[in-house]
Amino acid sequence: MKPDRVVIGADSVYAFDVMKQLYSPFFRTHDRFITMDIRSAEMTKYAANAMLATKISFMNEIANICERVGADANQVRIGIGSDKRIGYHFIYPGVGYGGACFPKDIKALQKVAEAYHYQPKIIKAVEQVNNEQKLVIAHKIVKRFGEDLSGFTFGLWGLAFKPGTDDMREAPSIYVVKELVKRGAKIKAYDPKAIEEAKEFYLKGIKEVIYCSSKYEVLKDSEALILLTEWKEFRSPDFEEIKTQLKMPIIFDGRNQYNAFNLETKGFEYFQIGK
């Protein structure tokens, strides 16, 4: 209801006037109402989402390099985000983007470019990095527990692609769960909103997934906890309760949400992105 701008593409003055009237209650000033030709407006929408997706994939690639050279991506994020030309938005290391908009628009922009005989190298790289990033946590689990995960159970916090929604389209959780199950693991999962989506569609028929009604219920008989969605109720959990319930005090944090809690000093093995 408070947009930074509204971009309108039209080919007549009448259309612009009608849309300006429609949106006028949302603007005190008209400088955020931007008009242009239809094709440019379409491209603006694609370019905006592609830019945000690019920032996400770029930061995740930096995080992967940080892990290999011994740097801390959390510190690097602060270092570059403090530059006003860059800013802090969309530069959090994580398990990749999902949802309806970014994956769809990245693919669409590639297809449009190729239809006009242009190879969009950066856009393709953004998608490739993101696809691989969705499995980074699974790879960390395999590195810690071995290629064969038979007999292991993992507690999972978060199924939706982002907090505040039940949307699981292209969610990293889908890829992590399927990869772990493929290797023989069982999953106990909890999400405040997305459990029915997972059951009925995105993880339908996967018998190795057990759905729980609370965040602490997933911990019992689980070897480790995996965090994939940064819901508010996951932000400041009872770490003593987590340690008591888990078979081993191990956390795989796909959103670097517990970076500031010094979990190693609390007796945890703590795996995050970019450190």
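Residues numbered from 1 in each chain as written. Predicted model: local features only at pLDDT ≥ 70, side-chain atom pairs only at ≥ 80, totals over all residues. Heavy atoms only, no water.

Student: Any chance you could explain the overall build of the chain here in plain terms?
Tutor: Looking only at helices and strands, the chain features 9 helices and 8 strands. C-alpha extents for the chain along the principal axes are approximately 65 × 40 × 40 Å. Every one of the 275 residues in the chain was classed for burial, and the buried ones make up 45%. Considering only intrachain contacts with a sequence separation of at least 6, the fraction spanning at least 24 residues in the chain is 68%. Accessible surface for the chain amounts to roughly 15100 Å². Of this, 55% is attributable to carbon and sulfur atoms. Between the centroid of the 41 positive side chains of the chain and the centroid of its 36 negative side chains there is a distance of 2 Å. (Helix = DSSP H or I, 4+ residues; strand = E, 2+ residues; numbered from the N terminus. Buried < 20%, exposed > 50% of the residue type's maximum accessible area, 1.4 Å probe, protein only. Contact = heavy atoms within 4.5 Å. Areas by Shrake-Rupley, 256 points an atom, 1.4 Å probe, with all protein chains shown as cover. Lys, Arg positive; Asp, Glu negative; His and termini not counted. Charge placed at Lys NZ, Arg CZ, Asp CG, Glu CD.)

Student: Would you mind showing me how to read the nonpolar core here?
Tutor: Taken as a class, soluble globular proteins show a tendency for nonpolar side chains to be buried jointly. Among the nonpolar cores identified, the biggest contains 59 residues, and Phe 154, Leu 159 and Leu 180 are the most heavily contacted of them. Looking at this core element by element, the count peaks at 6 residues for helix 6 (residues 136-145). Apart from the residues lying within four places of it in its own chain, the contact partners of Phe 154 are Ile 141, Phe 145, Leu 149, Leu 180, Ala 185, Lys 186, Ile 187, Lys 188, Ser 222, Glu 223, Ala 224 and Ile 226. Counting residues in each nonpolar core, the second largest holds 9 residues, with Ala 50, Ile 56, Phe 102 and Ile 106 among its members. (Core = buried A, V, L, I, M, F, W, Y, C linked by side-chain atoms within 4.5 Å.)

Student: Any chance you could explain the environment of Val 209 here in plain terms?
Tutor: In this fold, Val 209 is placed in strand 5 (residues 209-211). Residues Val 209 and Gly 158, spaced 51 residues apart in sequence, show a C-alpha to C-alpha distance of 13 Å. With residues up to four places along the chain from it excluded, the contact list for Val 209 reads Val 177, Ile 187 and Ala 189.

Student: Sorry, what's going on with the environment of Val 142 here?
Tutor: When you line up the elements, Val 142 lands in helix 6. Sequence separation between Val 142 and Phe 239 is 97 residues, and the spatial gap between their C-alpha atoms is 24 Å. What Val 142 contacts, discounting residues up to four positions off in sequence, is Glu 147, Leu 149 and Arg 183.

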